[in-house]
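Below, each chain spelled out in residue letters.
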Amino acid sequence: MSLLSWLAEATDERPDAVRVGDDAVSWPRLRGLAAAVADRLHGLDRVAIEATPTLHTVVGVTGALAAGAAVVPVPPDAGPRERDHILRDCGAQALLAPSGTPVPGGGPPVVPVDLRQASDTVHREPDPRDTALILYTSGTTGAPKGAVLSRRAIAACLDGLAEAWAWTPDDLLVHGLPLFHVHGLVLGVLGPLRVGGRLHHVGRPRPERYAAAAGSLYFGVPTVWSRIRDDPAAARALRPARLLVSGSAPLPEAVFSGLAALSGHRVVERYGMTETLITLSGRADAPRRAGTVGTALPGVRTRIVDEHGAAVPADGAAMGELLVRGPTLFEGYLNRPDADAASRTPQGWFRTGDVASVGPDGWHRIVGRAATDLIKSGGYRIGAGEVEDALLAHPRVREAAVVGTPHPDLGQQVTAYVVGDGISDRELIDFVARHLSVHKRPRQVRLVDALPRNALGKVQKSLLGAE
Ligand code: MLC
Ligand code: AMP
């Protein structure tokens, strides 16, 4: 069966099967546009794409997948440092982007996606074990790593979610999430192309755009749901929907209950990672409980262990690190066997780094993270080390320590403590925003005389308000 099985077969000619911003296409038209992209990419193994929230991205990703290439989304606001790293590390042979897009020296040729060009070539379905996506994601230190995701892992994830959420071709999915991560791209674009059901991507996840879209199924990160809760007219407009889903970061209980009061919906929460795709979720046909991320999806197994690797009791209270295994797991980090080995136990469980508890009924709660150096801000995963490296590249910065601090809208915000010479906080925020993706910039910079260090000289982040 094709990875994008619904798209491969759909005959429905309605002109708005897939709408992104102001552009819309029918299923057969999308198939034809993607086939034209696949014709041009035929024979390539790895194709990067400038992942703007546009129909061009949907067509480009679909076409590259049809051609059997591994797709590498590049965040459109990635600064030169991040873009250079991604393109070099993945060895992309082409970059799908508007003509004239600058590429670093020796970078791949730019191939534009042309929404006027369709083809009726039927490309052979690649092996399910082949790579579908390489998604770059932050670790605690260094530059982002490419997580290699197979076609069958994505298929397993989407089929599990379709079952849990009763997602069918009758749904209209609405969201406005970025198209370079699991949430917006895998669930939010490949989901409808496999499961069926129309898609309306509203460009950016603004409350009034969600309200106006009249969808049946909505996806958002907690920051989006909290902004909708704070806009009662938008929240009330979601009453006719079938299901609201939250993920990528913890949904505060006050947002859950505020939305329930205004919209009549108890949001379904699900949990996942770039490396594991979605592994736990609430269900459409089960009660929703605030503060929990539900039960294991089909084929997924979980284990919660103490610091010695021993399983903690499934009593809803004992906490430990969450380990997962199952058909949705990634193949490994590209070019990083060291990081790969460290991410799994000798028995093959993936270490999520999240601290969790599980009840006797299999309901999981995520209670925190084991490492403080991974920050979740607005649903984006941000490595403290990468932001520190960017700050240290500024000639007047001598020392830098980055932590996540509580933020009412974003969950956590990136806060930087900097020792520098004659430099302003604004200058440093803009400097990071120019070199890395804009969402990785510190929201606050505190200029200090010295960083707190222990006797071994290691920065004591717990004294800096780190969560
Ligand atoms: C601000 N801007 C700057 C700037 N400061 N530009 C240049 N220099 C500066 N110093 C601009 C930005 O470019 C942007 O412009 C605008 O200001 C706001 O930027 P922002 O920080 O992105 O906006 P904000 O409103 O705070 O974003 C909130 C948000 C966003 C919720 C919309 O964080 C978001 O989309 N989050 C989703 C993350 C996500 O999908 N995560 C899933 C990971 S997968 P402009 O022009 O663009 O408005 C995963 C697995 C799983 O976790 O379980 O799902
Ligand atoms: P990413 O790799 O960007 O997909 O981020 C994965 C991380 O997001 C996980 O390790 C969790 O820390 C966090 N996360 C995702 N979904 C949830 C959720 N529902 N509740 C709490 N944390 C979540």
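Structure: above.
Treat the numbers as computed from the prediction; the structure is a model and nothing was measured.

Undergrad: Can you help me understand the overall build of the protein in this one?
TA: Across its full length, the protein carries 13 helices and 25 strands. For the protein, whose C-alpha radius of gyration is 22 Å, the value lies close to the compact-globule estimate of 23 Å for 467 residues. Taking the principal axes of its C-alpha atoms as reference, the protein extends roughly 70 × 55 × 50 Å. Every one of the 467 residues in the protein was classed for burial, and the buried ones make up 54%. Taking as baseline every contact in the protein between residues at least 6 positions apart, the subset at least 24 positions apart corresponds to 64%.

Undergrad: Please clarify how helix 6 (residues 182–195) should be interpreted in this entry.
TA: Along an α-helix, residues three or four apart share an orientation, since each turn contains 3.6 residues. Over its 14 residues, helix 6 extends only 16 Å from the first C-alpha to the last, a length that falls short of the 20 Å expected when each residue adds 1.5 Å. Across the 14 residues of helix 6, 14 count as buried, placing the element largely inside the fold. A positive phi of about 95° marks G196, the residue just after helix 6.

Undergrad: Looking at this structure, how should I read the site of ligand 1?
TA: Taken together, the neighbourhood of ligand 1 is formed by 23 residues, with S248, R270, K376, G378 and R443 sitting nearest. Contacts to ligand 1 include K376, whose side-chain N or O atom sits 2.8 Å from an oxygen atom. Side-chain polar atom of D430 to a nitrogen atom of ligand 1: 2.9 Å apart, as the coordinates give it. Among the elements of the structure, helix 6, helix 8 (222–229), strand 13 (268–273) and helix 13 (425–435) are those that each provide at least two residues to the shell around ligand 1. Broken down by element, the shell around ligand 1 gets its largest block of residues, three residues, from helix 13. Among the residues making up the shell around ligand 1, the classes are represented as eight nonpolar, seven polar and eight charged. Looking at which domains feed residues into the shell around ligand 1, each of domain 1 (5–188) and domain 2 (378–465) gives three or more.

Undergrad: I tried to follow the site of ligand 2 on my own but got confused; where do I start?
TA: In the region of ligand 2, 16 residues are neighbours, and R270, T274, D354, K376 and R381 sit closest. At 2.5 Å, a side-chain N or O of R381 approaches an oxygen atom of ligand 2. About the coverage of ligand 2: the protein hides 92% of its 500 Å² of free accessible area. At the level of secondary structure, the elements contributing two or more residues to the shell around ligand 2 comprise strand 13 and strand 20 (364–369).

Undergrad: So what exactly am I meant to see when it comes to the packing of helix 5 (residues 151–165) against helix 6 here?
TA: Angle between the axes and distance between the axes: these two values describe a pair of packed helices. Their axes nearest at 10 Å, the elements helix 5 and helix 6 cross at an angle of 80°. Relative to helix 6, the element helix 5 lies roughly perpendicular. Contacts between helix 5 and helix 6 involve I154, A155, C157, L158, D159, L161, A162 and W165 from the former and V186, L187, L190, G191, R194 and V195 from the latter. Of the residues contributing to the contact of helix 5 with helix 6, the split by class is 11 nonpolar, one polar and two charged.

Undergrad: I keep staring at the packing of helix 3 (residues 55–66) against helix 6 and nothing clicks. Help me out?
TA: In the contact formed by helix 3 and helix 6, the axes pass within 12 Å of each other and the chain directions differ by 70°. Our classification of the angle between helix 3 and helix 6 gives roughly perpendicular. Taken as a pair, helix 3 and helix 6 cross one another with a handedness that is right-handed. Along its contact with helix 3, which presents V58, V61, T62 and L65, the element helix 6 presents L185, V189, L190 and L193.

Undergrad: Any chance you could explain empty space enclosed by the protein here in plain terms?
TA: Unfilled space is identified by rolling a water-sized probe across the atoms. Summed over the entire model, instances satisfying the criterion amount to three cavities of 30 Å³ or more. Taken as a whole, the largest cavity encloses approximately 120 Å³ of empty space. Taken together, 14 residues form the lining of the largest cavity, with P75, E82, Y136, H181 and K440 sitting closest to its centre. Broken down by secondary-structure element, the contributors of at least two residues to the lining of the largest cavity are helix 4 (80–90) and strand 7 (131–137). When residues of the lining of the largest cavity are assigned to their parent elements, the largest contribution, three residues, is made by strand 7. Looking at the lining of the largest cavity residue by residue, the classes come out as seven nonpolar, four polar and three charged. Looking at the lining of the largest cavity, you find at least three residues from each of domain 1 (5–188) and domain 2 (378–465). Approximately 80 Å³ is the volume found for the second largest cavity. Here the residues of the lining of the second largest cavity are counted per class, giving seven nonpolar, three polar and four charged.

Undergrad: Would you mind going over unusual backbone geometry with me for this structure?
TA: Excluding glycine, most residues fall at negative phi; most peptide bonds, likewise, are trans. The backbone phi angle of S248 is positive, close to 90°, even though this residue is not glycine. Assignment of secondary structure puts S248 in the loop between strand 12 (243–246) and helix 10 (253–263). The phi torsion at L277 lies on the positive side, around 55°, for a residue other than glycine. Inspection of the secondary structure assignment puts L277 in strand 14 (residues 277–281).

Undergrad: How should the nonpolar core be read in this particular structure?
TA: In summary, soluble globular proteins display a tendency toward joint burial of nonpolar side chains. In terms of nonpolar packing, the biggest core is built from 101 residues, with V18, L133, I154, W165 and W225 touching the most fellow members. The element best represented in this core is helix 5, accounting for nine residues. Excluding residues that lie within four positions of it along the chain, L133 makes contacts with V71, A147, V148, L149, I154, L185, V186 and L190. A384, A390, I423 and L428 belong to the second-largest nonpolar core, a separate cluster that totals 21 residues.

Undergrad: Help me understand the pattern of salt bridges in this model?
TA: Two side chains with opposite charge may pair up if their charged atoms get near one another. Scanning the entire structure with this criterion turns up 25 salt bridges. Here D84 ties to R88 by a salt bridge, and the two come within 3.2 Å at their closest N and O atoms. A residue pair is termed a helical-turn pair when its members lie 3 or 4 positions apart in one helix, as D84 and R88 do in helix 4 at four residues. Connected via shared salt-bridge partners are E82, E386 and K440.

Undergrad: It is not clear to me how the packing of aromatic side chains should be interpreted in this structure. Could you clarify?
TA: Counting across every chain of the model gives nine aromatic pairs. Consider the rings of W165 and F219, whose centres lie 5.5 Å apart with planes at 65°: the pair is edge-to-face. In this pair, W165 sits in helix 5 while F219 sits in strand 11 (residues 217–220), placing the two residues 54 residues apart along the sequence. Given a relative accessible area of 1%, F219 falls into the buried group. Arranged with centres 5.7 Å apart and planes meeting at 85°, the rings of W167 and F219 form a pair that is edge-to-face. Of the two residues, W167 is situated in the loop between helix 5 and strand 9 (172–175) and F219 in strand 11; the sequence distance between them amounts to 52 residues. With respect to burial, W167 and F219 carry one shared label: buried. Taken together, the ring pairs in this structure connect W165, W167 and F219 into an aromatic cluster. Above the ring of Y333, the side-chain terminus of K145 is found at 4.9 Å from the ring centroid. Lying across the ring of W349, R325 places its NZ or CZ 5.0 Å from the centre.

Conventions and cut-offs
Residues numbered from 1 in each chain as written. Chains lettered and ligands numbered in written order. Predicted model: local features only at pLDDT ≥ 70, side-chain atom pairs only at ≥ 80, totals over all residues. Heavy atoms only, no water. Helix = DSSP H or I, 4+ residues; strand = E, 2+ residues; numbered from the N terminus. Rg over C-alpha atoms; globule rule 2.2 N^0.38 Å. Buried < 20%, exposed > 50% of the residue type's maximum accessible area, 1.4 Å probe, protein only. Contact = heavy atoms within 4.5 Å. Expected span 1.5 Å × (residues − 1). Near = heavy atom within 4 Å. Polar contact = N/O pair within 3.5 Å; in protein donor to acceptor, adjacent residues only side chain to side chain. Nonpolar A, V, L, I, M, F, W, Y, C, P; charged D, E, K, R; others polar. Domains from an automatic or database assignment. Areas by Shrake-Rupley, 256 points an atom, 1.4 Å probe, with all protein chains shown as cover. Axes fitted to C-alpha atoms, helices over the stretch in contact; angles between N-to-C directions. Parallel < 35°, antiparallel > 145°, perpendicular 65-115°, else oblique. Left-handed = near helix turned anticlockwise from the far one by under 90°. 1 Å grid on protein atoms, 1.4 Å probe; cavity = no way out; pocket = protein on both sides within 12 Å on 5 of 7 lines; lining within 4 Å. Points joined across faces, edges and corners; volume = space filled by probe spheres on them. Core = buried A, V, L, I, M, F, W, Y, C linked by side-chain atoms within 4.5 Å. Salt bridge = Lys/Arg side-chain N within 4 Å of Asp/Glu carboxyl O. Phe/Tyr/Trp six-rings, centres within 6.5 Å; stacked < 30°, edge-to-face > 60°. Lys NZ or Arg CZ within 6 Å of the ring centre and 35° of its normal.

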